[in-house]
Amino acid sequence: MSKGPQPIREVLAELMAARGFARVQSAAALETAWKQAAGEMAPYTRVGLVRRGKLEVMVSHSALVQELTFRKVALLGELKRLLPDEKIGDLRFKVGAVE
């Protein structure tokens, strides 16, 4: 059975979902929000994935992990303000490659 003509917004939504565009767009928004929240520390970090409400962040060295941990509440507040739909409830910092 044929569905007939579909509105263009439905066709585009299906295409974007099939191509993973929403994930790419979400990752870019997350990276932008993190850079804004982390400020001067952002160049020494790299945003990872959000898993079960926890954002993973790679950090260039352990001293910075400690500093970010001290600022975790403020960072979470800023991320929640910038990305209310992401449902980020915690941050996990790991020392690793940041390039």
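In what follows, the structure referred to is the one given above.
Residues numbered from 1 in each chain as written. Predicted model: local features only at pLDDT ≥ 70, side-chain atom pairs only at ≥ 80, totals over all residues. Heavy atoms only, no water.

### A closer look at the packing of aromatic side chains
Move 1: Inspection of the entire model under this criterion finds one aromatic pair.
Move 2: Between the aromatic rings of Trp34 and Phe93, the centroid separation amounts to 6.5 Å while the plane-to-plane angle is 45°, which identifies the pairing as tilted. Highlighted residues: Trp34 in helix H2 (residues 21-38) and Phe93 in strand E3 (residues 90-95), separated in sequence by 59 residues. (Phe/Tyr/Trp six-rings, centres within 6.5 Å; stacked < 30°, edge-to-face > 60°. Helix = DSSP H or I, 4+ residues; strand = E, 2+ residues; numbered from the N terminus.)

### Topic: the sheet that holds strand E2 (residues 54-59)
Move 1: Read from one edge of the open sheet, three strands run E1-E2-E3, paired in mixed fashion. Because the sheet does not close on itself, it has two edges, and the strands there are strand E1 (45-51) and E3. Between one strand axis and the next, the sheet turns by 25° as a mean value, whatever way the strands run.
Move 2: Summarising the sheet, E2 and E3 pair through six bridges and their orientation is parallel. Note that in E3 the partner of Met58 across the bridge is Lys94.
Move 3: In the packing of helix H3 (residues 62-70) onto the sheet, the strands contacted are E1, E2 and E3, and the crossing angle to E3 comes to about 170°. (Pairing = 2+ DSSP bridges. Axes fitted to C-alpha atoms, helices over the stretch in contact; angles between N-to-C directions. Contact = heavy atoms within 4.5 Å.)

### A few points about the nonpolar core
Move 1: One finds Trp34, Leu55, Leu68, Leu91 and Phe93 to be the most contacted residues of the largest nonpolar core, which totals 21 residues.
Move 2: At the level of secondary structure, the elements contributing two or more residues to this core comprise H2, E2, H3, helix H4 (72-82) and E3.
Move 3: Top element by residues in this core is H2. It accounts for five residues.
Move 4: Residue contacts for Trp34: discarding those within four places in its chain leaves Gly39, Ala42, Thr45, Val47, Leu55, Val57, Leu68, Leu75, Leu79, Leu91 and Phe93. (Core = buried A, V, L, I, M, F, W, Y, C linked by side-chain atoms within 4.5 Å. Buried < 20%, exposed > 50% of the residue type's maximum accessible area, 1.4 Å probe, protein only.)

All we've got here are geometric facts, nothing functional implied.
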